[in-house]
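Summary of structural features
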Amino acid sequence: AATKRKPGVPAGRPKKRAKRAPNAVEPDAKSDAQGAVPGEYSIPPPVSQGKWKNKERVLIFSSRGINFRTRHLMQDLRTLMPHSKADTKMDRKDQLFVINEVCEMKNCNKCIFFEAKKKQDLYMWVSNTPQGPSAKFLVQNVHTLAELKMTGNCLRGSRPLLSFDPTFDKEPHYALLKELFIQIFSTPQYHPKSQPFVDHVFTFTITDERIWFRNYQIIEEDASLVEIGPRFVLNLIKIFQGSFGGATLYENPHYQSPNMHRRLIRMSVAAKLREKQQVKEVQKIKKKGSKVLIGEDPTEVVFETPAEEKPVEIQLVKPESKPIVKDKKKPRKIQRKKQKKLFRTDA
């Protein structure tokens, strides 16, 4: 029966009834003693029973003006990092400090930002927002997953191992980058979108003053490695104290800007052309110098003997015509030919 509600007293919410699983078999005392009932089924517990504590979230996005290769690289990093988030492209006119506000709105504390310049140069910012530090790299030799077509493969959302070169522990700026890479690229344990398996390795190797990134699959049989992709090379430019700015903690003395690199190439080509032109001019001068006119030698006329001059005769009378001599043997030849024809016709 419905009870009347008193005025001024809020009505209490009705209690929800507990739902029972369909076709569930209630356990009996006998079945508990002897074991599970043959018709009963049990749901296995989840693989990861831990609690998600490390709430690292990485925002991966770019500026406008990137090419297709950068877009595919960005999508590959998002698939390899289940704790990443995406956002729309940022306008070129906006300042880089705006990225800190975007990360705060997306609830992210790490950021990977790809900045394109002149439609041919690609820069990558790696930052710990909003306090810092941050690092700026020049990205070179980019090869995506779709481009490489390697034989390696890994489970989507699985947690990677991070392998670093021993040089990362020797110098302080590399040690700072190592800690930044660990916090960004390592998938947090018990993350909802991650799988509790470790089947691939991210390697960071330092060669030629650059950081080389590779992704390998771990084969279970003999623990050998097969490359999956993507691959790219990071050339460090600067490390800043703040997020996307601030005081400069380190500046790479070996870094050469792409504009300077292209300028040196143009200068070398121009120097080769100038050298060719100089060689041609020298050859022309040599040719002109070899054709120097020499004065007449007076001794050349010593051994010359003058030829006898014949008197010139002028004929005033027409010369007599030569008599025409007929060939006496010709009529005999004609008679012989006629006789031969007659003999042929008679035969």
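Please read all numbers here as calculations on a predicted model, not as lab measurements. (Residues numbered from 1 in each chain as written. Predicted model: local features only at pLDDT ≥ 70, side-chain atom pairs only at ≥ 80, totals over all residues. Heavy atoms only, no water.)

**What to know about empty space enclosed by the protein**
Applying the stated criterion across every chain yields a total of one cavity of 30 Å³ or more. Lining of the largest cavity is provided by Y174, E209, R210, I211, L236, Y250 and N252. When its residues are assigned to classes, the lining of the largest cavity shows four nonpolar, one polar and two charged. (1 Å grid on protein atoms, 1.4 Å probe; cavity = no way out; pocket = protein on both sides within 12 Å on 5 of 7 lines; lining within 4 Å. Points joined across faces, edges and corners; volume = space filled by probe spheres on them. Nonpolar A, V, L, I, M, F, W, Y, C, P; charged D, E, K, R; others polar.)

**Notes on a negative patch on the surface**
Among the surface-exposed residues, E296, D297, E300 and E304 lie close enough to one another that they form a single negatively charged patch. Tracing the backbone shows E304 in the loop between α6 (258-290) and α7 (330-346). (Patch = residues over 30% accessible without salt bridge, like charges linked within 9 Å, V, L, I, M, F, W, Y side chains within 5 Å. Areas by Shrake-Rupley, 256 points an atom, 1.4 Å probe, with all protein chains shown as cover. Salt bridge = Lys/Arg side-chain N within 4 Å of Asp/Glu carboxyl O. Lys, Arg positive; Asp, Glu negative; His and termini not counted. Charge placed at Lys NZ, Arg CZ, Asp CG, Glu CD. Helix = DSSP H or I, 4+ residues; strand = E, 2+ residues; numbered from the N terminus.)

**A few points about helix α3 (residues 98-105)**
For α3, every residue scored as buried is listed here: I99, N100, V102 and C103. Within α3, the buried residues cover an arc of 160° as seen down the axis, which keeps them to one side. Facing away from the buried side of α3 by over 90 degrees, the exposed positions are E104 and M105. Where α3 is buried, its residues contact β1 (58-62) and β3 (110-117). N107 sits one or two residues past α3 and shows a positive phi near 60°. (Buried < 20%, exposed > 50% of the residue type's maximum accessible area, 1.4 Å probe, protein only. Arc of directions from axis to C-beta. Contact = heavy atoms within 4.5 Å.)

**A word on the confidence of the model for the chain**
Summarising the model, the chain shows a mean pLDDT of 84, and 84% of its residues fall at 70 or more. Counting contacts from residues 24-36, a segment whose pLDDT is below 50, to residues more than four positions away or on other chains yields four contacts. (pLDDT = per-residue confidence, 0-100.)

**Quick notes on the pairing of strand β4 (residues 121-128)**
Burial of β4 is extensive: eight of the eight residues sit out of reach of the surface. What you see with β4 is no split at all: D121, Y123, W125 and S127 on one side and L122, M124, V126 and N128 on the other are buried throughout. By the bridge criterion, eight bridges tie β3 to β4 in an arrangement that is antiparallel. By the bridge assignment for β4, I112 is matched with V126. Between β3 and the antiparallel strand that follows it, β4, lie three residues; K118 among them carries a positive phi value of about 60°. (Pairing = 2+ DSSP bridges.)

**Overview of the side chain of S158**
Position of S158 among the secondary structure elements: in strand β6 (residues 158-164). Among the polar contacts listed, one links the side chain of S158 to the backbone oxygen of L155, at a separation of 2.9 Å. Engagement of the side chain of S158 in a polar contact is seen with the side chain of H200, the distance being 3.2 Å. For S158, the residues in contact, after removing those within four places along its chain, are T187, Q195, F197, D199 and H200. (Polar contact = N/O pair within 3.5 Å; in protein donor to acceptor, adjacent residues only side chain to side chain.)

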